[in-house]
Amino acid sequence: MAMQEEAFSAGGGVLGKLFGGLRMTWPKLIVFAVVSGVYCGVINQIPAVHGTSLTDCAVSWELWVVLALIVSANCRTPLESALKCFVFFLISQPLVYLVEIPTLGHFPWEYLNIWMPYIVASVVAGFLAFYMRRQNALGLIITVCAAGCISLMGAHYLGEMIIQGTFPRHLLTILFDAVAAAGVVCVFQKKAIMRTIGITVAFVPAVVMLVYALMTAGAGQLSVVLEPGHTWEIGATANVGEATIETDPNGSQTLSATINQMDAFVVVCDEAGSEVTYEAARLDDGSWELRKK
């Protein structure tokens, strides 16, 4: 039995055109995916904008969530939404990295592997996204999940900007995430009470995440002299902005690390392959140190 078609309309104006006012045919979908992937790949190769809002689309998912919702809102059945969201990501994400080959000199499989689970999951996400248009509890829950994903990324960048002092590098992304998260709820939910509940709940995890990040913020730059008699190199790190090892004229080596959170650590390896872990430790007087684990 064929699924009954169900059109969606967000009203008039630009939003109405984007969310429900387009008929997302397969040719339009392919063009949409190609343009999105090529733009992201090209902008990510411009050194002057690295680490800013312009390249955040190559790192985090908020813009991609909005683009997927545009695809879903212009579909007529859950199956169409699922398939077209999947194809959108199947085309756009590899294209991001194909565009980067001339600069990198190779295909960055390690990054595509990170995004591959999201590409596969887009089938289910696209199917569920279709039901965001429903004016009931199910529609509200799915809408809140989508808006919450967007608001969480905004909280991440806001915390980074406050803790690491990166203002205003991600300011546009933070503003976009705040507007997009609230906008998604307002576009798909028509009742005032549903919008109020949706926006409130969607921002709660973001506020909790931001408060936690600020409360557990690290100590900034810490240093420790490494054990002599070895040649040490940086291994793994976690919650560390940057880690370096400097060698003085006497051969003594010093590990320096920018600590972003209290559970940060750095693993150093010597020439024999032995590993030593240094973790950030907060002392009773409130100061911090890098301590051998």
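Anyway, here's the lowdown on the structure attached to this text. The shown structure was predicted, so the numbers you read here are calculated from the model rather than taken from an experiment.

1. Details of the overall build of the protein chain
Here is step 1 of the chain: When you go through the protein chain residue by residue, the secondary structure sums to 8 helices and 7 strands.
Here is step 2 of the chain: In the protein chain, buried positions account for 41% of the 293 residues.
Here is step 3 of the chain: When contacts within the protein chain are restricted to residue pairs at least 6 apart in sequence, long-range pairs at least 24 apart make up 65% of them.
Here is step 4 of the chain: Carbon together with sulfur atoms contributes 67% to the accessible area of the protein chain, which is approximately 15200 Å² in total.
Here is step 5 of the chain: Of note, the protein chain has its 15 positive side-chain charges centred 24 Å away from the centre of its 22 negative side-chain charges.

2. So, the sheet that holds strand β5 (residues 265-269)
Where strands meet in a sheet, backbone hydrogen bonds hold them as pairs that are either parallel or antiparallel.
Here is step 1 of the chain: Across the sheet, 4 strands lie side by side as β2-β5-β6-β7; this open sheet has antiparallel pairing. The open sheet has two free edges, formed respectively by β2 (233-238) and β7 (288-292), since each of these has just one partner strand. Mean inter-strand twist for the sheet, computed between neighbouring axes without regard to direction, equals 25°.
Here is step 2 of the chain: With 5 bridges joining them, β5 and strand β6 (residues 275-282) adopt antiparallel strand pairing. Paired with C269 across the two strands is E275, which belongs to β6.

3. Here's the deal with the pattern of salt bridges
Here is step 1 of the chain: Taken as a whole and assessed by the stated rule, the structure comprises 5 salt bridges.
Here is step 2 of the chain: Of the charged contacts in the structure, one is a salt bridge between R23 and E80, with a shortest N-O distance of 3.1 Å. Residue R23 is found in the loop between α1 (13-18) and α2 (26-43), and its partner E80 is found in helix α4 (residues 78-104); the two are separated by 57 residues along the sequence.
Here is step 3 of the chain: Overlapping salt bridges, with partners in common, bring together R23, E80 and K84 in one network.

4. Some words on the environment of V31
Here is step 1 of the chain: For V31, the location among the structural elements is in helix α2.
Here is step 2 of the chain: Sequence separation between V31 and G11 is 20 residues; the distance between their C-alpha atoms is 25 Å.

5. Observations concerning helix α7 (residues 171-188)
Here is step 1 of the chain: The terminal C-alpha atoms of α7, which comprises 18 residues, lie 26 Å apart, in line with the 26 Å expected from a rise of 1.5 Å per residue.
Here is step 2 of the chain: T173, I174, D177, A180, A181, A182, V184, V185, V187 and F188 are the residues of α7 that are buried.

6. Brief notes about the environment of A236
Here is step 1 of the chain: Structurally, the position occupied by A236 is in strand β2.
Here is step 2 of the chain: According to the relative accessible area criterion, A236 is partly exposed, its value standing at 43%.
Here is step 3 of the chain: In this structure, the C-alpha to C-alpha distance between A236 and V211, residues 25 residues apart in sequence, is 27 Å.
Here is step 4 of the chain: Here A236 is in contact with F265, V266 and V267, once residues within four sequence places are set aside.

7. What about a nonpolar patch on the surface?
Here is step 1 of the chain: A contiguous nonpolar patch, built from I30, V34, V38 and V42 and spanning about 260 Å² of accessible area, is present on the exposed surface.
Here is step 2 of the chain: By the secondary structure assignment, V34 is in helix α2.
Here is step 3 of the chain: Judged by relative accessible area, V34 falls into the partly exposed class, the value being 32%.

8. So, the packing of aromatic side chains
Here is step 1 of the chain: In this structure the tally under the stated criterion is 12 aromatic pairs.
Here is step 2 of the chain: Aromatic side chains W64 and F88 sit 6.1 Å apart centroid to centroid with 55° between the ring planes, which places their arrangement in the tilted category. Placement of the pair is W64 in helix α3 (residues 62-73) and F88 in helix α4, with a sequence separation of 24 residues.
Here is step 3 of the chain: Note on W64: relative accessible area 3%, which makes it buried.

9. Regarding the environment of Y118
Here is step 1 of the chain: The residue Y118 is located in helix α5 (residues 109-129) in this model.
Here is step 2 of the chain: C-alpha of Y118 to C-alpha of Q93: the two residues are 25 residues apart in sequence and 10.0 Å apart in space.

10. Here's the deal with the nonpolar core
Here is step 1 of the chain: With 46 residues, the main nonpolar core has F19, W64, L69, F88, M132 and F188 as its most contacted residues.
Here is step 2 of the chain: Breaking this core down by element, the ones donating at least two residues are α2, α3, α4, α5, α6 (137-164), α7 and α8 (192-215).
Here is step 3 of the chain: Ignoring sequence-local partners within four residues, the contact set of W64 consists of S36, G37, C40, C57, F88, F89, S92, Q93, V96 and W115.

11. A look at the packing of α3 against α4
Here is step 1 of the chain: α4 packs onto α3 with a crossing angle of 140° between their chain directions and a minimal axis gap of 9 Å. Taken together, the axes of α3 and α4 are oblique relative to one another. Note that α3 runs across α4; the crossing there is right-handed. Here α3 contributes W64, L67, A68, V71 and S72 to the contact with α4, which in turn contributes S81, K84, C85, F88, F89, S92, Q93 and V96.
Here is step 2 of the chain: For the contact of α3 with α4, a count of residues per class yields 8 nonpolar, 4 polar and 1 charged.

Cut-offs used in this document
Residues numbered from 1 in each chain as written. Predicted model: local features only at pLDDT ≥ 70, side-chain atom pairs only at ≥ 80, totals over all residues. Heavy atoms only, no water. Helix = DSSP H or I, 4+ residues; strand = E, 2+ residues; numbered from the N terminus. Buried < 20%, exposed > 50% of the residue type's maximum accessible area, 1.4 Å probe, protein only. Contact = heavy atoms within 4.5 Å. Areas by Shrake-Rupley, 256 points an atom, 1.4 Å probe, with all protein chains shown as cover. Lys, Arg positive; Asp, Glu negative; His and termini not counted. Charge placed at Lys NZ, Arg CZ, Asp CG, Glu CD. Pairing = 2+ DSSP bridges. Axes fitted to C-alpha atoms, helices over the stretch in contact; angles between N-to-C directions. Salt bridge = Lys/Arg side-chain N within 4 Å of Asp/Glu carboxyl O. Expected span 1.5 Å × (residues − 1). Patch = residues over 30% accessible without salt bridge, like charges linked within 9 Å, V, L, I, M, F, W, Y side chains within 5 Å. Phe/Tyr/Trp six-rings, centres within 6.5 Å; stacked < 30°, edge-to-face > 60°. Core = buried A, V, L, I, M, F, W, Y, C linked by side-chain atoms within 4.5 Å. Parallel < 35°, antiparallel > 145°, perpendicular 65-115°, else oblique. Left-handed = near helix turned anticlockwise from the far one by under 90°. Nonpolar A, V, L, I, M, F, W, Y, C, P; charged D, E, K, R; others polar.

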